[in-house]
Amino acid sequence: LAADVRSEVPGSVWKIVVDDGATVAEGDEIVILESMKMEIPVIAPAGGTVRLKVEVDAVVDEGDLIAVIE
Amino acid sequence: MIDSVLVANRGEIARRVIRTCRRLGIRSIAVYSEADAESLHVLEADESVAIGAPAAAESYLRGDVIVEQALRAGAAAVHPGYGFLSENGEFASAVEAAGMLWVGPTPSTIEEMGHKINAREIAKRAGVPVTDGSGRVDTPEAAVAAARSIGYPVMVKPAAGGGGIGMAIAADDAELTKAIETAQSRAARAFGNAELLLETYVPGARHVEVQVLGLADGSIVSLGERDCSVQRRHQKLVEETPSPGLPDALRAELLTAAERVAAAVGYRGAGTCEFLVSLETERFYFLEMNTRLQVEHPITELVTGVDLVEQQLRIAAGLAPTLPETRPGGHAIEYRIYAEDPQRFLPSPGTITRWDEPSGEGIRIDSGFRADDKVTLHYDPLLAKLCVHGADRESALARSREALDAFEVEGVKTTIAFHCELLENEAFLAGRHTTQLVASMR
């Protein structure tokens, strides 16, 4: 079972908080986006192994895939 | 008087400064990044110069480029607006060293007040109350020791900060340890300075600030207060003047305290002293001084009849102010229209497809956008400020409802819907709200 983690806002990737392949718990920060001088944390919707789909400085749109939790 | 001004800013505040320049017959020079070439502030200025790429660090924060362009354009003065380089002492120095007038306080005042630990000391020496606080804290361990001595809950603040960035409330050792790490990284990134301080958190307080003017002859006058208690993420959403429910005696004490702080540093120009006020205990505490024009300055202009930008320019030129003998009085409220969703206040950049502003008696709009403009993710999400003025708070609130209903923006989400909701909130309507109001609504 895999869960898609999508961006809620248009922005750019400021910081990758966990390594690709890391194990996270529900509610952990995976990535921090930046948009309009605001930091927007992207949170794991479920626990599992993180497969990152973005790199630092990547520009993302609302709904874009940030990571998959396996 | 000054004959030409370069406005080192964008959006609504650049337009605001240009408007006064035009009225006074002063030549205005706009600056713009590649993202803003078609913006209203560029169209409305007498001249304009490109200063770089869209990212603020490559344009609006390039003090060296701005000084060079100001000299090339023959500007007599530089007005920084708010944000960007407005509280950057080095930039102010560079403007003066290049032989131009800086529309703001001296570079040394900017530096003195820009550091919150230092500003607290200045206020204390001037006999103005501050909350219990720490000196500089660099590690979670030092923070925990300091917090235990001043008592939880505490507020964590970047010493060189502003705009609510990096601020957090901590109720115990564990929360504080976590808050310190986050705040340090945010402060280092946003302000280039990771220094933090702690202050006692004052629950149930109002955020009230006082507008001061340091005149060319060295005297200080205050122009009333503004209540800024409606905040999200420690950032203001709505401001009003006078502050509802503030007893006259307490108001008088606040104005005197602000004048004392300003006098202590020989303040020049427009500035704002921020305080936390507990209406329950009738006590107040100095928070910080903003050494620039404030976003919410229009509500002070509406009730005093003073053009604050004109006074800033007159003071910079060494001239006496033009303060009206009689003030319009009444009550004024500002609603910040941000490109954010009105529920969670997440940013909403995009292209504006519809922009219809309300107009009429007692309504003032300071906006930076129009239909077909792009709201990019490079800058602050402030689109416009809707200000309403009425004979009293009740009539200002009634006018607010009509104006907000008539303000139509499509293509990006905005905080207009939040403001409509606020006008249904009993605590706000009764003027009994505190800085926790928005959190209590969400």
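Here the structure is a predicted model, which is why all the values come from computation and not from measurement. (Residues numbered from 1 in each chain as written. Chains lettered and ligands numbered in written order. Predicted model: local features only at pLDDT ≥ 70, side-chain atom pairs only at ≥ 80, totals over all residues. Heavy atoms only, no water.)

## Concerning the overall build of chain B
Thinking step 1. Counting its secondary structure elements, chain B contains 15 helices and 20 strands.
Thinking step 2. In summary, chain B has a C-alpha radius of gyration of 21 Å against a globular reference of 22 Å for 442 residues, a match within 12%.
Thinking step 3. A principal-axis box enclosing the C-alpha atoms of chain B has dimensions of 55 × 50 × 45 Å.
Thinking step 4. Split into buried and exposed, the 442 residues of chain B put 57% on the buried side. (Helix = DSSP H or I, 4+ residues; strand = E, 2+ residues; numbered from the N terminus. Rg over C-alpha atoms; globule rule 2.2 N^0.38 Å. Buried < 20%, exposed > 50% of the residue type's maximum accessible area, 1.4 Å probe, protein only.)

## Remarks on the confidence of the model for chain B
Thinking step 1. Across chain B, the average pLDDT comes to 96, with 100% of residues at or above 70.
Thinking step 2. Taken over the whole predicted complex, pTM reads 0.95, whereas the ipTM for its chain interfaces reads 0.85. (pLDDT = per-residue confidence, 0-100.)

## Examining the sheet that holds strand 5 (residues 101–102) of chain B
Residues and elements named next belong to chain B.
Thinking step 1. In space, the 5 strands of this open sheet follow the order 3-2-1-4-5, with parallel pairing throughout. Each having just a single partner strand, strand 3 (47–52) and strand 5 make up the two edges of the open sheet.
Thinking step 2. Here strand 1 (residues 4–7) runs beside strand 4 (residues 77–79); their pairing, made up of 3 bridges, is parallel. Bridge pairing links Val5 to Ala77 in strand 4. (Pairing = 2+ DSSP bridges.)

## Digging into the packing of helix 3 (residues 63–72) of chain B against helix 4 (residues 89–97) of chain B
Residues and elements named next belong to chain B.
Thinking step 1. Packing of helix 3 against helix 4 brings their axes to within 10 Å, and their N-to-C directions diverge by 25°. By the angle class used here, helix 3 and helix 4 are roughly parallel. By crossing handedness, the relation of helix 3 to helix 4 is classed as right-handed. Where helix 3 approaches helix 4, its residues Gly63, Ile66 and Val67 are matched on the opposing element by Phe91, Ala94 and Val95.
Thinking step 2. Its residues assigned to classes, the contact of helix 3 with helix 4 comprises 5 nonpolar, 1 polar and no charged. (Axes fitted to C-alpha atoms, helices over the stretch in contact; angles between N-to-C directions. Parallel < 35°, antiparallel > 145°, perpendicular 65-115°, else oblique. Left-handed = near helix turned anticlockwise from the far one by under 90°. Contact = heavy atoms within 4.5 Å. Nonpolar A, V, L, I, M, F, W, Y, C, P; charged D, E, K, R; others polar.)

## Observations concerning the environment of Gly135 of chain B
All names here are of chain B.
Thinking step 1. Positionally, Gly135 belongs in the loop between helix 6 (116–125) and helix 7 (140–150).
Thinking step 2. Residue Gly135 is classed as partly exposed on the basis of its relative accessible area of 39%.
Thinking step 3. Along the chain, Gly135 and Glu195 lie 60 residues apart, while their C-alpha atoms are 9.8 Å from each other.
Thinking step 4. With residues up to four places along the chain from it excluded, the contact list for Gly135 reads Ile117, Leu196 and Leu197.

## Digging into the interface of chain B and chain A
Thinking step 1. Facing 19 residues of chain B, the contacting portion of chain A comprises 14 residues.
Thinking step 2. Carbon and sulfur atoms supply 59% of the area buried between chain B and chain A, which totals about 1400 Å² over both sides.
Thinking step 3. When the buried surface of chain B facing chain A is broken down by residue, Arg189, Pro347 and Leu377 of chain B rank first, second and third, together holding 44% of it.
Thinking step 4. At the junction of chain B and chain A, the tally comes to 6 salt bridges.
Thinking step 5. When the shortest N-O distance is used, the salt bridge between Arg344 of chain B and Glu8 of chain A registers 2.4 Å.
Thinking step 6. Seen at the junction of chain B and chain A, the total is 5 residue pairs in polar contact (both at pLDDT 80 or more).
Thinking step 7. Residue contributions to the side of chain B that touches chain A peak at 3 residues, all from helix 8 (residues 173–191) of chain B.
Thinking step 8. Looking at the side of chain B that touches chain A residue by residue, the classes come out as 9 nonpolar, 3 polar and 7 charged. (Buried area = accessible area lost by both parts, 1.4 Å probe. Salt bridge = Lys/Arg side-chain N within 4 Å of Asp/Glu carboxyl O. Polar contact = N/O pair within 3.5 Å; in protein donor to acceptor, adjacent residues only side chain to side chain.)

## Points about the side chain of Ser59 of chain B
Thinking step 1. Tracing the backbone through its elements, the reader meets Ser59 of chain B in the loop between strand 3 and helix 3.
Thinking step 2. The residues contacting Ser59 of chain B, other than those within four sequence positions of it, are Ser33, Ile51, Gly52, Ala53, Pro54, Ile66 and Tyr379 of chain B.

## Digging into the sheet that holds strand 6 (residues 48–52) of chain A
All names here are of chain A.
Thinking step 1. Spatial ordering of the open sheet is given by 1-8-6-3, a layout of 4 strands whose pairing is antiparallel. The sheet is open, and its two borders are formed by strand 1 (3–6) and strand 3 (23–24), each paired with just one other strand.
Thinking step 2. Where strand 3 meets strand 6, 2 bridges bridge the pair, whose relative direction is antiparallel. Across the sheet, Val24 pairs through a bridge with Gly48, a residue of strand 6.

## Focus on the packing of aromatic side chains
Residue and element names in this part refer to chain B.
Thinking step 1. In this structure the tally under the stated criterion is 8 aromatic pairs over all chains.
Thinking step 2. When the ring of Phe84 is compared with that of Tyr379, the centres are 6.5 Å apart and the planes differ by 85°; the resulting orientation is edge-to-face. Of the two residues, Phe84 is situated in the loop between strand 4 and helix 4 and Tyr379 in the loop between strand 18 (374–375) and strand 19 (382–390); the sequence distance between them amounts to 295 residues.
Thinking step 3. Connected via pairs of aromatic rings, a cluster forms that spans Tyr60, Phe84 and Tyr379.
Thinking step 4. The positively charged end of Arg232 is found above the aromatic ring belonging to Tyr338, 4.5 Å away from the centroid.
Thinking step 5. Between the NZ or CZ atom of Arg393 and the centre of the ring of Phe428, over which it lies, the distance is 4.9 Å. (Phe/Tyr/Trp six-rings, centres within 6.5 Å; stacked < 30°, edge-to-face > 60°. Lys NZ or Arg CZ within 6 Å of the ring centre and 35° of its normal.)

## Quick word on the nonpolar core
When a protein is soluble and globular, its nonpolar side chains tend to lie buried together.
Residue and element names in this part refer to chain B.
Thinking step 1. Ranked by size, the top nonpolar core spans 61 residues in total, and within it Val230, Tyr335 and Phe407 carry the most contacts.
Thinking step 2. Setting aside chain neighbours within four positions, we find Val230 in contact with Gln235, Lys236, Leu237, Val238, Phe418, Leu422, Phe428, His433, Leu437 and Val438.
Thinking step 3. In this structure, Ala258, Val261, Phe275 and Val277 belong to the second largest nonpolar core, which totals 27 residues. (Core = buried A, V, L, I, M, F, W, Y, C linked by side-chain atoms within 4.5 Å.)

## Quick notes on unusual backbone geometry
Residue and element names in this part refer to chain B.
Thinking step 1. At the junction of Tyr152 and Pro153, the peptide bond is cis and its omega measures out at -5° in the coordinates.
Thinking step 2. Cis rather than trans, the peptide bond between Thr241 and Pro242 has omega equal to -5°.
Thinking step 3. Relative to the elements of secondary structure, Pro242 occurs in the loop between strand 11 (235–241) and helix 9 (248–264).
Thinking step 4. For Phe345, which is not a glycine, the phi torsion comes out positive at approximately 60°.
Thinking step 5. Examined against the element boundaries, Phe345 turns out to sit in the loop between strand 14 (331–338) and strand 15 (350–351).
Thinking step 6. Overall, Phe345 belongs to the buried group, its relative accessible area being 5%.

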